[in-house]
Each structure stands twice: as C-alpha cells, then as structure tokens.
Amino acid sequence: MASSRPILAAILQEIDHLQQAIGLLATCRIVVRTSETGGHYGLTLQLALPQGMAVTIHTPASPDARYADPQFAVSDSFRHALARLRTPSEP
C-alpha cells in the first residue's frame, strides 16, 4: 500500500510507547497490508531487543469492522507485541 502520514504517525507513537515500556529496540520492521477488497488493515511486526529477544507478530487484515480503522490495527498489533515481550515463551 502507499505510504500514509497518519499511519506512520500512529506507528511512531506506538514504537515510542513500546520503548518506554520495555526499553530500546535493536531492530523494528513493520509491514502494513490492506485486505484484497481494501478497507481493512493488517500488520506484521518484527521486533528485536538488544538482549537478543525477538518477536514476530502477524495480525491479518481481518474482516472485523474495527480493522477498517488503521489506528486500531496498528494499536492492536503493538498491544500484542508488548504482551509477548513482557511474557516470553518458554524454551
């Protein structure tokens, strides 16, 4: 999809919130997608911390009406990432 200033602003705000909660990120890769019919958003977040911990969150472009709002899709994906980073999975 084409670049969007409001979506970029939402992503930067969520990155700032995430770093305030868990510390600095070593890497952060974000892909924003729209559904085939358009109008619904999904994200893939690949985040890594300096300590070596990494998570990938894949939120599909759901037909759920809330995902028609890009702000919601961004916020929801980062909420899942924060929860995963705070509760690492067992080896």
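Further up the page is the structure itself.
Residues numbered from 1 in each chain as written. Predicted model: local features only at pLDDT ≥ 70, side-chain atom pairs only at ≥ 80, totals over all residues. Heavy atoms only, no water.

**Some words on helix α1 (residues 5–22)**
1) Next: The end-to-end C-alpha separation of α1 is 26 Å, in line with the 26 Å expected for 18 residues at 1.5 Å each.
2) Next: Within the span of α1, buried status applies to I7, A10, I11, E14, I15 and L18. With its buried residues spanning 140 degrees around the axis, α1 presents them on a single face. Summarising the geometry of α1, the exposed residues directed more than 90 degrees from the buried face are R5, P6, Q13 and Q20.
3) Next: Buried residues belonging to α1 abut β1 (27–34), β2 (41–48) and α2 (70–86).
4) Next: Of the residues flanking the end of α1, it is G23, one or two places downstream, whose phi is positive at about 105 degrees. (Helix = DSSP H or I, 4+ residues; strand = E, 2+ residues; numbered from the N terminus. Expected span 1.5 Å × (residues − 1). Buried < 20%, exposed > 50% of the residue type's maximum accessible area, 1.4 Å probe, protein only. Arc of directions from axis to C-beta. Contact = heavy atoms within 4.5 Å.)

**Looking at the pattern of salt bridges**
1) Next: For the structure shown, the criterion picks out two salt bridges.
2) Next: Here R66 and D64 are joined by a salt bridge, their closest N and O atoms 2.7 Å apart.
3) Next: R79 serves as the salt-bridge partner of D76, at 2.3 Å between the closest nitrogen and oxygen. Taken together, the residues span about one helical turn, with D76 and R79 both in helix α2 at a distance of three residues.
4) Next: Exposure remark for R79: the relative accessible area of 49% places this residue in the partly exposed category. (Salt bridge = Lys/Arg side-chain N within 4 Å of Asp/Glu carboxyl O.)

**Focus: the sheet that holds β2**
1) Next: Strands sit in the order β1-β2-β3 across an open sheet of three strands; the sheet is antiparallel. Each edge of the open sheet is held by one strand with a lone partner, namely β1 and β3 (54–59). Pairs of neighbouring strands in the sheet enclose a mean axial angle of 5 degrees, with direction left out of account.
2) Next: For β2 and β3, the ladder comprises six bridges, and the chain directions are antiparallel. From the neighbouring strand, L47 faces β3, where its bridge partner is V55.
3) Next: Lying over the sheet, α1 contacts β1 and β2, oriented at roughly 145 degrees with respect to β1.
4) Next: Sitting on the sheet, α2 touches β1, β2 and β3, and the angle it makes with β2 is about 30 degrees. (Pairing = 2+ DSSP bridges. Axes fitted to C-alpha atoms, helices over the stretch in contact; angles between N-to-C directions.)

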